[in-house]
Amino acid sequence: MSDHIAIVEKAGVIEIQIDRPEKKNALTATMYRAMTAALADASARADIGAVLIAGRGEAFCAGNDLKDFTAGPEGGAAAFDFIRAIAAFDKPLVAAVQGLAVGVGTTMLFHCDLIYAAPDARFVMPFVNLGIVPEAGSSLLAPAMMGHAKAAAMLLLGEPMDADGADRSGLITAIVPADRLLDHARAKVAALMAKPPQALAATRRLMKGDPAALNARIEEEARLFRETLASPEAQEAFAAFFEKRAPVFKHS
Ligand SMILES: C/C=C/C(=O)SCCNC(=O)CCNC(=O)[C@H](O)C(C)(C)COP(=O)(O)OP(=O)(O)OC[C@H]1O[C@@H](n2cnc3c(N)ncnc32)[C@H](O)[C@@H]1OP(=O)(O)O
């Protein structure tokens, strides 16, 4: 359970609503655990047909809580459990994204089937800037989805991508006006729920293909992520964030 994750269940759909607007919906270990539990629940129950992920407030999700990353060697463990759960999730996943989607706020979307974004959506994967490496299989999925050159601007330079760019790159399904975003995403979930479930599940499995390469990449990323998290580069990047200053990286 988490105060900052609301689980809303209606008509065979579980909605995971990220609800920590004062921290731009940054995810703590407790929040990841609540999301992972909701996915496990949705997967296990025959009466649940789909999951919708949304963020309350002006941002979708500012990524991992950076304070949690400084919490010792276990920093990031709950995040990787969530990543494994969402990558292996076996029912349709729909996301509604407004405002910022940073780090895992973007990379979780690679595992969603339908992604609707408000015009102000901004997608950022700033791992290199933080002295760490990409996660959730994004080092494999981002180049595959948007091409190496666009993925490099996001993953090597840490450049943001706006809603139009994300629409052109195939990162999202469609742009929807902010005031209709959640209703639109819910209507698409309802449309999925009206489909023949066996055919829908089989089609989704076929579209995802053999998961072996993705799972291997997620684990390789996790290993490097743990290593880099403890590096002086990452420590400097996190300290700079909380001290509200630019980081200084040493070249030796
Ligand atoms: C396995 C997963 C890996 C990852 O996800 S790596 C990615 C981690 N995420 C980040 O690096 C994003 C860090 N946050 C930011 O860069 C900025 O924030 C934003 C661009 C998201 C928003 O900027 P602005 O609109 O100017 O808001 P603000 O004043 O910086 O943030 C409002 C409050 O939210 C806190 N906050 C925002 N993001 C995080 C975070 N990721 N971890 C912890 N706190 C965060 C801030 O510190 C501040 O708090 P206060 O009002 O107390 O100063």
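Up top is the structure.
Residues numbered from 1 in each chain as written. Predicted model: local features only at pLDDT ≥ 70, side-chain atom pairs only at ≥ 80, totals over all residues. Heavy atoms only, no water.

Undergrad: Would you take a moment to explain the pairing of strand β6 (residues 114-117) for this structure?
TA: Of the two faces of β6, the one lined by Leu-114 and Tyr-116 and the one lined by Ile-115 and Ala-117 are each fully buried. The sheet contact formed by strand β4 (residues 93-97) and β6 spans four bridges and is parallel. Across the sheet, the residue bridging to Val-94 is Leu-114, located in β6. (Buried < 20%, exposed > 50% of the residue type's maximum accessible area, 1.4 Å probe, protein only. Helix = DSSP H or I, 4+ residues; strand = E, 2+ residues; numbered from the N terminus. Pairing = 2+ DSSP bridges.)

Undergrad: Quick question: what am I supposed to make of the site of the ligand here?
TA: As a structural note, the neighbourhood of the ligand is formed by 22 residues, with Lys-23, Ala-62, Asn-64, Leu-66 and Val-104 the closest of them. The separation between an oxygen atom of the ligand and a polar side-chain atom of Lys-23 is 2.6 Å. Leu-66 is positioned such that a nitrogen or oxygen atom in its backbone is 2.8 Å from a nitrogen atom of the ligand. Taking 970 Å² as the accessible area of the ligand by itself, protein coverage stands at 71%. Mapped by element, the contributors of at least two residues to the shell around the ligand are α2 (66-69) and β5 (100-102). Tallied by class, the residues present in the shell around the ligand amount to 13 nonpolar, three polar and six charged. (Near = heavy atom within 4 Å. Polar contact = N/O pair within 3.5 Å; in protein donor to acceptor, adjacent residues only side chain to side chain. Areas by Shrake-Rupley, 256 points an atom, 1.4 Å probe, with all protein chains shown as cover. Nonpolar A, V, L, I, M, F, W, Y, C, P; charged D, E, K, R; others polar.)

Undergrad: Before we go on, may I ask you to explain the packing of helix α5 (residues 138-146) against helix α10 (residues 212-229) in this structure?
TA: If you want to describe how two helices pack, look at the angle between their axes and the distance between the axes. Where α5 meets α10, the axes come as close as 8 Å, and the angle between the chain directions of the two elements is 125°. By the criterion of interaxial angle, the relationship of α5 to α10 is oblique. Contact with α5, carried on its side by Ser-138, Ser-139, Leu-140 and Leu-141, involves Ala-213, Leu-214, Arg-217 and Glu-221 of α10 and no other residues of that element. Classifying every residue of the contact of α5 with α10 by side-chain character gives four nonpolar, two polar and two charged. (Axes fitted to C-alpha atoms, helices over the stretch in contact; angles between N-to-C directions. Parallel < 35°, antiparallel > 145°, perpendicular 65-115°, else oblique. Contact = heavy atoms within 4.5 Å.)

Undergrad: For this particular structure, what's the right way to read the packing of aromatic side chains?
TA: For any pair of aromatic rings, the description consists of the separation of the ring centres together with the inter-plane angle of the planes. Counted by the stated rule, this structure contains five aromatic pairs. Plain terms: the ring middles of Tyr-32 and Phe-82 are 5.8 Å apart, the flat faces sit at 40° to each other, and that makes the pair tilted. Here Phe-82 lies in helix α3 (residues 77-88) and Tyr-32 lies in helix α1 (residues 29-44), a separation of 50 residues in the sequence. Residue Tyr-32 is classed as buried on the basis of its relative accessible area of 2%. Residue classification places Phe-82 among the buried residues on the basis of a relative accessible area of 0%. Each member of the aromatic cluster is reached from another via a ring pair, and the members are Phe-69, Phe-80, Phe-225 and Phe-238. (Phe/Tyr/Trp six-rings, centres within 6.5 Å; stacked < 30°, edge-to-face > 60°.)

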